[in-house]
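Descriptive analysis of the structure
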Amino acid sequence: MSSPAPKSPEQSEKSKKYDRQLRLWGDHGQRFLENSKVCLINATALGTEILKSLVLPGIGSFTIIDGEKVTEEDIGSNFFLDNDSLGNSRAQAATMCLLELNPDVRGDYIDEFPENVMKQNQDFLKGFSVVIATALPEKFLIPLSKQLWDAGIPLFSCKSIGLLGYARLQVNEHTVIEVHPDNDNPDLRLDEPWPALKEHLESFDISKLDKKERSHVPALIILYYFMQKFRNLHDGALPTNRAEKDQLRNMIRACGNEEGLLEENFEEAIHYVNTCLSHSKISSQVQSILDDPKCLNLNQDSAPFWVMVSALRELVQTEGSLPVKGSLPDMAADTNSYITLQQIYQKRFNEQVETVQRRVSEILRNVNQSPDAITEDEIKLFCKHANELYIVRGTCIADEYQSSTLDISMYLDDPDSLMMYYVILRGLDRFLSEFNAYPGQFDDQVEPDVVKLKSTIGKLLAEWGCGQVLRDERVHEVCRYGGAEMHSISAILGGCVAHEVIKLITHQYKPLNNTFIFDAITSNSVTYRL
Amino acid sequence: MGESAQDSYQKRWGHLRKVLERQGPFGHPEFEPSPEILEFVMNGCKILVIGAGGLGCELLKDLALMGFKNIHVIDMDTIELSNLNRQFLFRRKDIGMSKAECAAAFINSRVHGCQVTPHYKRIQDFDESFYRQFHVIVCGLDSIVARRWINGMMISMLQYDDGVLDQSSLIPIVDGGTEGFKGNARVIMPGLTACIECTLDLYPPQITYPLCTIANTPRLPEHCIEYVKVVQWPKENPWGSNIDGDDPQHITWIYEKSAERALQFNITGLSYRLVQGVVKNIIPAVASTNAVIAAVCATEVFKLATSCCVPMNNYMVFNDVDGIYSYTYEAEKKSNCLACSQVPQTLEIKDPSKMKLKDLIQVLCESASFQMRNPGLTTYINGKNKTLYMSTIKSIEERTRDNLNKTLTDLGLSDNCEIMVADQTSPNTLILKLKYLIEDVNMD
C-alpha cells in the first residue's frame, strides 16, 4: 500500500525562512508568534534590540510609543536609527529601520510621550500581548504596572546602564504547556501498566528465549520481567532505595547469555532501572494545577488551558494517573518488537486523548463557549505534555516599588551579591525622580553625585529595614556610567528579554521569575524573585 | 575635523566616553582613563571577525557601535533564505551573495565612519602575515574544525624567548558559539589560558547510528533516512553526484525513499523537515541567543581593547530554556594540550604487531583528545621521509592505501619513533611519538 509522498508543507517559503526556529517551537509556536502584538515604550538601544529579535522570528506586529527626538547619543548607541534621522521622531525612525528586517511584520508608532498616551486613552494598551518598557521613570512605571496587572497583560521593565543590565517581568498569571525540559525522562508506566501493556509485557519469559530472540527483545520487557521477579522476593514492592535498585540491576546483570555475555538490550534495561521505576506518580507541581480553583470554576471567559486542565482532572480522577506520553525512547531491538511496543503506547495515548477531548467538548458546551475554541491538535499537545504543565503567578512591580518591606536583607550579607546592583538601580530610579538626571550624567558632578546617590540608597535601605551599608566602589562605578547606555550591554539584555517575550507569547519554556540582573563587569548574572 | 563635526563626534560617542574617560573601581590595573583610549579604539585598533552568519552579523553591529572602525570579516558562505530569521544584515534580494560582502556594506552604510573590510574566502586562504595585523580575533563560527584551525594558527604565531612567552606575539581570541537556546562565550589568551584544544571534550560527539541497525532493524525515522543516505543513494545515485543538502530535488528524493522505507517497517514520524535536518545536520538557531552571545563577545573585545574592565575569566555558558541562566568559570589549561602545551605528544600502543595503521587512524579520529577528521601520516625511516597514509590527495591515497591494513611493526615503525600528523583541524603538523607498552603475553 505504497502511497505517493504527500506534498510537504515544509517547502513553503515561510517554512524555509523560519526553518531554524520552527525546529525549536514548532509551527504551532510560530502561529502564536504571528498573531501577537507587542508594544515597546521608548525606542532606546535596548528597546530596539529587543524588538529586533522579535521582528526577525516574525511576531505579528509592534507599536512603538516614544515622544523623544533622535539625538547624536542615540545614533551612537542604537543600530536602528540612521544618520539622517537626527532630530526626527525616535519612534518613527526606529519603526522604519525595524520594519526593513522582516516584510511579514507590521509596525506602527506613536510620536508622543508614553505618559500622555496612557492619560489620553486608558484602554490603549488593552490589545497587546506584551508591553515592554525601557528607561521608564518610576513615576510612570508604577501606574503602567498597575494598569497592565489588572488587564492581565505581561509587562517587562528593562534598563541598560553602563555595564549593568536589569529586566523585571511582571505577569499576573502565565501558563506553560511545553516546558521543553533538558532531560526528559521516558514515561513508561512499568510500575502500573494498563491491561493491554501488562498483557504484552507478561507474554515474554526471558528465561525461555533463544539466543536470537534474547538479543532482539526490547529493554523494557527485560526490565519488567526482572521487576516482577524482584516483586516476588519483596512482597510485591518495587525497589525504592539505591541498594534495592542495585539488587535489581544485579539480577539483570546475572542473566548473561550462553557465553556469559550481556547483550546491549540487557545493558539498556540496567540503565533504565533508575529512570523508569516511579513515573506514574503525579508531580506536586502538576497536582497543584489540577487542584487550582480556576479549573473548578469555569465560565465563558475561561482560557483554553483551564478548560483542558478541568477535563484532564476528570481523567486523572477516573484513571488515577496522567495520560501516557505515547512515545518510546529508542532501544536495541528488532523492528517488529519495538514497533509493536510503541503502538501499544500510542494506542493508549490516543484513547486517553479521545477521553479528554470528549470531556472538553462537554465543558465548552456547559460554559457556553464555541465548540471550536479548542482544537484537537491543542488537546493532543496538552495531553502529551500533561506532566510538564507549569504556571507562574507573578508579583506586581507597583507593589514591589511601593512596598516598605522588601525582603532582601539575606542577600546583602554577601558583599559580592549582585543584589547590590538591584539596590543601586532602585536608588538610581529615585535619584532620577529627585534630580531629573542620572547620577554622574555631567562630567563635573560625578563626585558630588556619588555622595547624593549613597544617601538616596541609604534612605531606601532604611525604608526596607535593611541594616547593611553598601560598599562605595559599586556606587562609584554606577556614577561613572552617568546613565550611559553601552550598545553591547543593551544587545545582551535585548536578546535575553526578546526570548522571554517569545516564551510568554508561545506558552512554551519557563519564563524568568522575575528579576534578572546581568553584570558585564564580571560576566555574571542572577535571577531574584521579588 | 570642524568644530561642529568635533562636537557631534563628542556627543555621538558620549556613552563610551563616560566609561573610558572616568576612573572606575573595576578597571584593569593598567587602566588610565583618557580620551586617547577611544581614539585607539577608533583609529588604532584592528579587529578580525571570523564568520558573518548568525553571530557574525551581531558581532559586526556590536563592534561598530562600541566604537571600532577598523574591522575585517571573513566568510566563505553565501546568503540563503533560511538565514533571514536571524542574520539581520541580509534581505531577500541578497540571497546568493557573499555574506561577508553584504554584511560589510550594510554596516558601513549604517554606522558613519565604520570601515568593515570583507573577505569572501576561507580562513585557510590566509597566512600568518595576514593574521598578525589584528589586535583581537573574534570567532562566530558554527564549525569546530575552523575554530581549531584558527586556534592552532594563533598558537603557532606565539614567540618564546628562552621559554618565556613574548607577550607582543599574543593575539587574544574571543570565541562564541550557539545552539538553539544555549550558547557559550570565552576569552582565550593563547599560550596563557585554556585554548580550544584544551577543552576539546566540551564538544559533544556527533550522533551516529550503527550500520546494522539502519540496515536490519530500523526503529526510528532517522534510521530510515540514514539508510537512504548511506546505502540507497550510493547504489542508485539518481543525479550521478554526492548528496547536496541544499538541492531540494535531492532532499525530496531522500524524503520519498525514506518514507517508503518507514511505511514498510511501520515507522511513524517521518517528515520532510526531519529529513532535511538529518541530511544537512541542521542545528536550530534563533536570533535571541545569537544576540546574547555575540554581545557578550563584543563586550569582551571592548574590555581587551580598552582595559576599562578586567576581561572575563574565561568561559561563560548561557541557557535560557528555563528562565535565564548563565555561569562563568575558569576553564583550565591542559598541561599536555596538543596545541598550546609545547609538551611532546606520545601515544601509547599496546601491541604494534596487532595494531594496524587504520586502527591508529581510528584512534586519532575517535579519541576525545584528538578528534581529527582525515589525518595524513608521515614519518622518517632511516632518515628518509615516508608517507604512511594520506586521504586528501587522490594519487597519494591510492599509493598508500595498502598500508592501512599493515601493522605498525610491518610498516617498520619502532618504539619511540615519531610520526607527523597533518589534519584539517590545525594549520600545524602534530609530532606524535609512539610508545609501545611491552606487555607479558598471556597464554591462557
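Residues numbered from 1 in each chain as written. Chains lettered and ligands numbered in written order. Predicted model: local features only at pLDDT ≥ 70, side-chain atom pairs only at ≥ 80, totals over all residues. Heavy atoms only, no water.

1. Quick notes on the overall build of chain B
In plain terms, the rule: Numbering of helices and strands starts at the N terminus; helices are DSSP runs of H or I of at least 4 residues and strands are runs of E of at least 2. Buried, partly exposed and exposed residues are distinguished by accessible area as a fraction of the type maximum, computed with a 1.4 Å probe on protein chains only: under 20%, between the cut-offs, and over 50%, respectively. His is not counted here, nor are the chain ends, while Lys and Arg score as positive and Asp and Glu score as negative. For the purpose of locating charges, the reference atoms are NZ of Lys, CZ of Arg, CG of Asp and CD of Glu.
When you go through chain B residue by residue, the secondary structure sums to 14 helices and 15 strands. In terms of principal-axis extent, the alpha carbons of chain B reach across some 85 × 60 × 45 Å. Per-residue burial over chain B gives 56% buried out of 444 residues. Seen as two clouds, the 44 positive and the 52 negative side-chain charges of chain B have centres 4 Å apart.

2. What to know about the overall build of chain A
Which entries qualify depends on this criterion: Here a residue-residue contact requires only that any non-hydrogen atoms of the pair lie within 4.5 Å. Each accessible area value is a Shrake-Rupley result obtained with a 1.4 Å probe; residue values ignore everything except the protein chains displayed when judging cover.
In terms of regular secondary structure, chain A is built from 23 helices and 10 strands. In terms of overall dimensions, chain A has a C-alpha envelope of 90 × 55 × 45 Å along the principal axes. Of the contacts made within chain A by residues no fewer than 6 positions apart, 70% connect residues no fewer than 24 positions apart. Carbon together with sulfur atoms contributes 48% to the accessible area of chain A, which is approximately 21600 Å² in total. For chain A, the separation between the mean place of its 53 positive charges and that of its 77 negative charges on side chains is 4 Å.

3. Observations concerning the interface of chain B and chain A
So the rule is basically this: Two parts placed together each lose some accessible area under a 1.4 Å probe, and adding up what both lose gives the buried area. The salt bridge criterion pairs a side-chain nitrogen of Lys or Arg with a carboxyl oxygen of Asp or Glu, the two atoms within 4 Å. Under the rule applied, a polar contact is a pair of N or O atoms within 3.5 Å (in protein, one hydrogen donor and one hydrogen acceptor; residues adjacent in sequence only if both atoms are side-chain atoms). Throughout, the ten residues Ala, Val, Leu, Ile, Met, Phe, Trp, Tyr, Cys and Pro are labelled nonpolar, Asp, Glu, Lys and Arg are labelled charged, and all others, Gly among them, are labelled polar.
Taken together, the contacts link 87 residues of chain B with 96 residues of chain A. At the boundary of chain B with chain A, total buried surface from both sides reaches about 7600 Å², with 57% on carbon and sulfur atoms. For the chain B face of the interface with chain A, the top three residues by lost area are B:R110, B:R219 and B:R273, together amounting to 11%. We note a salt bridge from A:D330 to B:R219, for which the minimum N-O separation is 2.6 Å. Linking chain B with chain A are 38 residue pairs in polar contact (both at pLDDT 80 or more). The element that contributes the greatest number of residues to the side of chain B that touches chain A is helix α12 (residues 287–306) of chain B, accounting for 11 residues. Tallied by class, residues from the side of chain B that touches chain A come to 43 nonpolar, 24 polar and 20 charged.

4. As for the pattern of salt bridges
What the rule picks out here adds up to 60 salt bridges over all chains. When the shortest N-O distance is used, the salt bridge between A:R20 and A:D19 registers 2.5 Å. Like A:R20, the residue A:D19 is buried in the burial classification. Two residues, B:E397 and B:R401, come together in a salt bridge whose shortest N-O distance is 2.8 Å. Residue class for B:R401 comes out partly exposed when judged on its relative accessible area of 43%.

5. Some thoughts on the sheet that holds strand β13 (residues 384–389) of chain B
All names here are of chain B. For clarity, the cut-off: One requirement defines pairing of two strands: DSSP has to find at least two bridges between them. The axes used here are C-alpha line fits, helices contributing only the stretch in contact, and every angle between their N-to-C directions lies in the interval 0 to 180 degrees.
If you walk across this open sheet you meet the 5 strands as β11-β15-β14-β12-β13, and the pairing is mixed. Lying at the two open borders of the sheet, with one neighbouring strand each, are β11 (345–349) and β13. The average undirected angle you get between the axes of adjacent strands in this sheet is 35°. Judged from the 5 bridges that link them, strand β12 (residues 376–381) and β13 form a sheet pairing that is antiparallel. Residue pairing across strands places T378 opposite T387, the latter belonging to β13. Against the sheet, helix α13 (residues 357–366) contacts β11, β12, β13, β14 (418–422) and β15 (430–436), and its axis sits at roughly 125° relative to β12.

6. Section: the packing of helix α4 (residues 54–65) of chain B against α12(B)
All names here are of chain B. How we decide: In what follows, roughly perpendicular refers to angles from 65 to 115 degrees, roughly parallel to angles under 35, roughly antiparallel to angles over 145, and oblique to any angle outside these ranges. Definitions for this section: a left-handed crossing has its near helix turned counterclockwise from the far helix by less than a right angle. A right-handed crossing has that turn clockwise.
It is at 8 Å that the axes of α4 and α12 come closest, and there the two elements cross at 45°. Taken together, the axis directions place α4 and α12 in an arrangement best described as oblique. Here α4 and α12 pass one another in a crossing that is right-handed. The residues of α12 that touch α4, namely those facing G54, L55, E58, L59, D62 and L63, are A287, N290, A291, I293, A294, A295, C297, A298 and V301.

7. Examining the domain arrangement of chain A
All names here are of chain A. Counted only if it meets this: Segmentation into domains, and thus their bounds, comes from an automatic or database assignment.
For chain A, the assigned domains are domain 1 (9–178 + 486–528), domain 2 (195–275), domain 3 (284–392) and domain 4 (397–481). The interface of domain 1 with domain 4 comprises 24 residues on the first partner and 20 residues on the second. Roughly 2100 Å² of surface becomes buried between domain 1 and domain 4 when both sides are summed, with 70% attributable to carbon and sulfur atoms. Its largest share of buried area at the contact with domain 4, domain 1 owes to E138, I161 and Y528, together 29% of the area lost on that side. Across the pair E400 and R168 runs a salt bridge whose closest N-O atoms are separated by 2.6 Å.

8. Topic: the nonpolar core
Side chains that are nonpolar tend, in soluble globular proteins, to be buried together. The test is simple: For the purposes of this section, nonpolar cores are sets of buried Ala, Val, Leu, Ile, Met, Phe, Trp, Tyr and Cys residues that join through side-chain atoms within 4.5 Å.
Core analysis: the largest hydrophobic core is formed by 210 residues, its most contacted members being A:L54, A:I132, A:F156, B:F68 and B:Y131. For this core, the element with the highest residue contribution is α12(B), accounting for 12 residues. Among all residues touching A:I132, those that are not within four sequence positions of it are A:V38, A:C39, A:L40, A:I41, A:I50, A:L54, A:F156, A:C158 and A:V501. Counting residues in hydrophobic clusters, the runner-up holds 73 residues, among them A:I177, A:V217, A:A219 and A:I222.

9. Overview of the layout of surface pockets
Residue and element names in this part refer to chain A. The condition that has to hold: A pocket, in this scheme, is an open set of points on a 1 Å grid over the protein atoms alone with protein on both sides within 12 Å along at least 5 of 7 lines, while a cavity is a set where a 1.4 Å probe fits but cannot get out; residues line either one if an atom lies within 4 Å of a point. Grid points are joined across faces, edges and corners, and a volume is the space filled by probe spheres set on the points.
Within this model, the second largest pocket holds a volume of roughly 1300 Å³. Along the wall of the second largest pocket there are 46 residues; nearest its centre are E68, R90, Y438, Q441 and G483. A domain split of the lining of the second largest pocket shows at least three residues from each of domain 1 (9–178 + 486–528) and domain 4 (397–481).

10. Some details on the packing of aromatic side chains
Put simply, the test is: Pairing of aromatic side chains requires ring centres within 6.5 Å, counting the rings of Phe and Tyr and the six-membered ring of Trp. Pairs whose planes differ by under 30 degrees are stacked, by over 60 edge-to-face, and all others tilted.
Tallying each qualifying case throughout the model produces 25 aromatic pairs over all chains. Ring centres of A:F79 and B:F88 lie 5.9 Å apart, and the angle between their planes is 85°; on these two criteria the pair is classed as edge-to-face. A residue pair is termed interchain when its members come from two chains, as with A:F79 in the loop between α4 (72–77) and α5 (90–99) and B:F88 in the loop between β2 (70–74) and α5 (99–110). Look at A:F79 and you get buried, because its relative accessible area is 1%.

11. A word on helix α17 (residues 376–384) of chain A
Count 3.6 residues to each turn of an α-helix, and residues three or four apart come out pointing the same way. Residues and elements named next belong to chain A. Definition in use: The directions from the helix axis to the C-beta atoms are what the arc is built from.
Inspection of α17 places I379, F382 and C383 among the buried residues, and these make up the whole buried set. Across the axial projection of α17, the buried residues extend over an arc of 95°, all falling on one side. The inward-facing, buried residues of α17 abut α15 (304–319) and α16 (335–366).

12. What about the side chain of A:T506?
All names here are of chain A. With respect to the helices and strands, T506 occurs in helix α23 (residues 487–506). Here I502 takes part through its backbone oxygen, which lies 2.8 Å from a polar atom of the side chain of T506. Beyond its immediate sequence surroundings of up to four residues, T506 is in contact with G29, F32 and L33.

13. Observations concerning the UniProt feature "active site" (unreviewed entry) in chain B
We apply this condition: UniProt positions are given in the numbering used here, feature names are shortened, and annotations may be inferred rather than shown by experiment.
The feature "active site" (unreviewed entry), as annotated in UniProt, sits at B:C212 in this numbering. With respect to the secondary-structure elements, B:C212 resides in helix α8 (residues 211–216).

14. Observations regarding the sheet that holds strand β2 (residues 61–65) of chain A
Residues and elements named next belong to chain A. In space, the 8 strands of this open sheet follow the order β3-β2-β1-β4-β5-β6-β9-β10, with mixed pairing throughout. Each edge of the open sheet is held by one strand with a lone partner, namely β3 (106–110) and β10 (524–528). Between one strand and the next, the sheet's axes are offset by a mean angle of 15°, whatever the strand orientation. Sheet topology note: the strand β5 (residues 155–161)/strand β6 (residues 164–170) ladder contains 7 bridges and is antiparallel. The residue of β6 that forms the bridge with S157 is R168. Helix-sheet contacts for helix α7 (residues 138–151) involve β1 (37–41), β4 (130–134), β5 and β6, and the interaxial angle to β5 is about 150°.

15. Things to note about the confidence of the model for chain A
We apply this condition: Per-residue confidence from the predictor is reported as pLDDT, which spans 0 to 100.
Here chain A shows a mean pLDDT of 93. Residues at 70 or above account for 98%. Note that residues 1–6 of chain A has pLDDT below 50 and, in this model, 6 contacts with residues that lie over four places away or in other chains.

16. Description of unusual backbone geometry
With the exception of glycine, the majority of residues adopt a negative phi angle, and the majority of peptide bonds are in the trans configuration. A cis amide bond links A:N513 to the next residue, A:N514, at an omega of -5°. Mapping A:N514 onto the fold places it in the loop between α23 and β9 (515–519). Look at the link from B:N313 to B:N314: it is a cis peptide, with omega at -20°. Structurally, B:N314 is set in the loop between α12 and β9 (315–319). Phi at A:A135 is positive, roughly 50°, even though this residue is not glycine. Within the secondary structure layout, A:A135 lies in the loop between β4 and α7.

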